[in-house]
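In case you want the letters, here they are:
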Amino acid sequence: MLRWFAEHGRRDLPWQTDPTPYRVWVSEIMLQQTQVATVIPYYSRFMERFPTVTALAKADLDAVLSHWSGLGYYSRARNLHEAAGLIVGEHNGAFPDTLDQAMALPGIGRSTAGAILALSKDQRHPILDGNCKRVLARYHAVPGWPGESGVAKRLWSHADAHTPDANVARYTQAIMDLGATVCTRTRPHCDVCPVADHCATGLTGTPEQFPGRRPKKIQPVKETRMLIVYSPDGSVLLERRPPAGIWGGLWSLPECATHEDPYEVCVQCFGLETASVDALPGFRHTFTHYHLDISPLTLAVTDDSTDIMERPDLLWAREADLEDRGLPAPVRRLLEDFFRMDESPCQERLTA
DNA sequence: AAGACGGGGAC
DNA sequence: GTCCCAGTCTT
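All of these numbers come straight from a predicted model, not from anything done at the bench.

Conventions used here
- Residues numbered from 1 in each chain as written.
- Chains lettered and ligands numbered in written order.
- Predicted model: local features only at pLDDT ≥ 70, side-chain atom pairs only at ≥ 80, totals over all residues.
- Heavy atoms only, no water.
- Helix = DSSP H or I, 4+ residues; strand = E, 2+ residues; numbered from the N terminus.
- Buried < 20%, exposed > 50% of the residue type's maximum accessible area, 1.4 Å probe, protein only.
- Contact = heavy atoms within 4.5 Å.
- Areas by Shrake-Rupley, 256 points an atom, 1.4 Å probe, with all protein chains shown as cover.
- Lys, Arg positive; Asp, Glu negative; His and termini not counted.
- Charge placed at Lys NZ, Arg CZ, Asp CG, Glu CD.
- Polar contact = N/O pair within 3.5 Å; in protein donor to acceptor, adjacent residues only side chain to side chain.
- Expected span 1.5 Å × (residues − 1).
- pLDDT = per-residue confidence, 0-100.
- Pairing = 2+ DSSP bridges.

Counting secondary structure elements, chain A contains 13 helices and eight strands. Its C-alpha atoms give chain A principal-axis dimensions of about 75 × 50 × 35 Å. When each of the 352 residues of chain A is scored for burial, the buried share is 47%. Considering only contacts in chain A between residues 6 or more positions apart, those separated by 24 or more positions represent 64%. Carbon and sulfur atoms make up 50% of the accessible area of chain A, which amounts to about 18100 Å² in all. Looking at charge distribution, chain A has the averaged site of its 36 positive side-chain charges lying 11 Å from that of its 44 negative ones.

Listed below in structure tokens is the structure:
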């Protein structure tokens, strides 16, 4: 593995050039359930804005969420920010040196804690990310879906047995790179695999059948109406979502259940008189666990009461304000389209 | 043990 | 469309 890594491993990823615990930590959190190519631009912007754990701890959560906007799993950003405060407040600004202390931080489980300490301090800890699960399930022909506790337990045992006493950082990067570039989900390249000779499935079996698939489930379909409440000065009303749950803590559009009257919602919830409801084309946003059918409605504010908003969960935002706010990806796209229509001469919606 | 939690890349 | 990804947290 180490010989293969020296020749074929990835050594030039942004967090590898200067693998401090902080830089590795941020990368590992971003890489949870997210592919390297997606992470890289986010990582660059994040490290430029929050170069140290102190800078991250001092920042507003809003600033952190805006740099996370579009990555998904926003609890990762909230946990990262909270953990930075704990590191500054309880660890004198130094990332914890033991596995248990690292795992005590929010957002850091066993695999991430092991990866950070292995990659940044060469400590001996096994990891078990998606790449390792695939490599080990194939190498040892472990049947079953890794989401089952018994299967995960066997994989952890193999991971620990393979982890060397020396060169842990390089070995850890090697097994992840092997999974990412050779032992790929479909059509693995067993002909160039450095461990194919001892692999239980590579040359003689069917590696694609490992690991076992997640049991299939029908995903429910939910629907909502999103209100684009716009004022004559070209700003739209944003509402902050609750800290937990879907899109937790992000700025989104007010929503209106199918049985509610959008005019009434504007009056009751925001004290705003509106007119001229228009429907924009609906679209479907798909999550891991359900589909969300979104029907956007535009409402023009008719009275001049835009100065009554003193609520911290409400915000009038112009187009230029959006980039500094954490918005769910579909809401960001929707508002970008809305403002783009606004500029287009064929629309008379705002000019009446 | 099972479900919640986003978004995008690969196919 | 489906599957999955450098998982963790809550229930």
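The next thing to look at is the side chain of Thr224. Relative to the helices and strands, Thr224 is located in strand β1 (residues 221-230). Given the relative accessible area of 10%, Thr224 is considered buried. Within the structure, the side chain of Thr224 is placed 2.7 Å from the side chain of Glu255, a separation counted as a polar contact. Apart from residues no more than four positions distant in its own chain, Thr224 is found in contact with Glu255, Cys256, Leu292, Asp293, Ile294 and Ser295.

Our next topic: helix α13 (residues 329-343). If you check α13, its first and last C-alpha atoms are 21 Å apart, about what 15 residues at 1.5 Å a residue would give, namely 21 Å. Taken together, the buried positions of α13 are occupied by Pro330, Val331, Arg332, Leu334, Leu335, Phe338 and Phe339. Close packing links the buried residues of α13 with β1, β2 (236-240), β3 (251-252), β6 (283-286), β7 (291-301) and β8 (314-317).

To continue, consider helix α9 (residues 130-139). Across the 10 residues that make up α9, a large majority, seven, are buried. Within α9, burial applies to Cys132, Arg134, Val135, Leu136, Ala137, Arg138 and Tyr139. Turning to α9, the residues buried within the fold contact α10 (149-162) and α11 (168-181). Between a side-chain oxygen at the N-terminus of α9 and the backbone nitrogen of Asn131 the separation is 3.1 Å; the capping residue is Asp129.

Another point: the confidence of the model for chain A. On average, residues of chain A score 93 in pLDDT, and 96% of them are at 70 or above. Note that pLDDT drops below 50 for residues 345-352; the model gives that stretch nine contacts with residues more than four away or on any other chain.

Let us look at the pairing of β2. By the bridge criterion, four bridges tie β2 to β8 in an arrangement that is antiparallel. Looking at the pairing, Leu238 lines up with Leu315 of β8. Relative to β3, β2 runs antiparallel, the two being bridged by two bridges. Each bridged residue has a counterpart across the sheet, and for Arg240 the counterpart in β3 is Trp251.

Among the structural elements, Arg241 can be located in the loop between β2 and β3. Only 3.1 Å separates the side chain of Arg241 from the side chain of Glu255, close enough to count as a polar contact. Among all residues touching Arg241, those that are not within four sequence positions of it are Ile246, Trp247, Gly249, Leu250, Ser252 and Glu255.

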